[in-house]
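# What the coordinates show
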Amino acid sequence: MSDITIYHNPRCSKSRQTLQLLIDNNVTPTIIEYLKVGVSKDEVISLLTKLAISPRQLMRIKDADYKEQNLADDSLSDDDLINAIVKTPKLLERPVVVNNTKAAIGRPPEAVLDII
């Protein structure tokens, strides 16, 4: 099942648990360590579309960078928030698992089982 991709942070316990859950279910995903390689604006827009959520819902709102960049400001546009994720990839909620046109955030890890 090489059509499955995980946006993975190996330092995150939920991300590690989700990856292990995929492996336990005979899925060998493509692993994108987004903190190393970053994410493009097109990737973020694609994730938002597949998840059917707003940019803020894809962000780690408790992260220090979120507060430092004043991203809670309601006057910010979706484009502003997407650009913030691109600029600061650690703001991306993790892990995100993608299977073709579907995606799920692995919080809890079992949430990804619906798309594999």
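### A few points about the pattern of salt bridges
- This model, assessed by the stated rule, comprises five salt bridges.
- D79 is the salt-bridge partner of K41, the closest N and O atoms lying 2.6 Å from each other. Here D79 lies in helix α5 (residues 78-87) and K41 lies in helix α3 (residues 41-51), a separation of 38 residues in the sequence.
- By relative accessible area, K41 is classed as partly exposed at 31%.
- The partner of E93 in a salt bridge is R107, and the shortest N-O contact between them spans 2.9 Å. With a gap of 14 residues between them, E93 in the loop between α5 and β3 (96-99) and R107 in the segment after β4 (102-105) connect regions that are remote in the sequence.
- On the basis of relative accessible area, E93 is assigned to the buried category, the value being 15%.

### Topic: the nonpolar core
- Within the largest apolar cluster, 22 residues are counted, with the highest numbers of intra-cluster contacts made by Y7, L47, L58, M59, L92 and V96.
- When contributions to this core are tallied by element, the ones reaching two or more residues are α3, α5, β3 and β4.
- Apart from residues no more than four positions distant in its own chain, M59 is found in contact with Y66, L71, L81, A84, I85, L91 and E93.
- Core analysis: the next-biggest nonpolar cluster, separate from the first, contains ten residues, L19, V97, V112 and I115 among them.

### A short note on the packing of α3 against α5
- Put simply, α3 and α5 touch, their axes get as near as 9 Å, and they point 120° apart. Considered as vectors, α3 and α5 are oriented oblique to each other. Seen along the crossing, α3 lies across α5 with a hand that is right-handed. Along its contact with α3, which presents K41, V44, I45 and L48, the element α5 presents D79, I82, N83, I85 and V86.
- Grouping the constituent residues of the contact of α3 with α5 by class yields six nonpolar, one polar and two charged.

### Digging into the sheet that holds strand β1 (residues 4-7)
- Strand order across the open sheet formed by four strands is β2-β1-β3-β4, with mixed pairing between neighbours. The open sheet terminates on both sides in strands that have one partner only, identified here as β2 (30-32) and β4. On average, each strand axis in the sheet is tilted by 20° relative to the strand beside it, whichever way the strands run.
- In terms of strand pairing, β3 meets β4 through four bridges, oriented antiparallel. Within β4, the position partnered with V97 by the bridge is A104.

### A look at the side chain of N9
- Among the structural elements, N9 can be located in the loop between β1 and α1 (13-24).
- A relative accessible area of 7% means that N9 is categorised as buried.
- When near neighbours in sequence (up to four residues on either side) are disregarded, N9 contacts S15, Y34, L35 and R94.

### Things to note about the pairing of β1
- Burial along β1 is two-sided: I4 and I6 facing one way and T5 and Y7 facing the other are all buried.
- For β1 and β3, the ladder comprises four bridges, and the chain directions are antiparallel. Residue pairing in the sheet places I6 in a bridge with V97 of β3.
- Note: β1 against β2, three bridges, orientation parallel. Looking across to β2, one finds that T5 is bridged to T30.
- Once the chain exits β1 it traverses α1 before rejoining the sheet at β2, and the crossover so formed is right-handed.

Reading guide: rules and limits
Residues numbered from 1 in each chain as written. Predicted model: local features only at pLDDT ≥ 70, side-chain atom pairs only at ≥ 80, totals over all residues. Heavy atoms only, no water. Salt bridge = Lys/Arg side-chain N within 4 Å of Asp/Glu carboxyl O. Helix = DSSP H or I, 4+ residues; strand = E, 2+ residues; numbered from the N terminus. Buried < 20%, exposed > 50% of the residue type's maximum accessible area, 1.4 Å probe, protein only. Core = buried A, V, L, I, M, F, W, Y, C linked by side-chain atoms within 4.5 Å. Contact = heavy atoms within 4.5 Å. Axes fitted to C-alpha atoms, helices over the stretch in contact; angles between N-to-C directions. Parallel < 35°, antiparallel > 145°, perpendicular 65-115°, else oblique. Left-handed = near helix turned anticlockwise from the far one by under 90°. Nonpolar A, V, L, I, M, F, W, Y, C, P; charged D, E, K, R; others polar. Pairing = 2+ DSSP bridges. Right-handed = clockwise from strand over helix to strand, strands pointing away.

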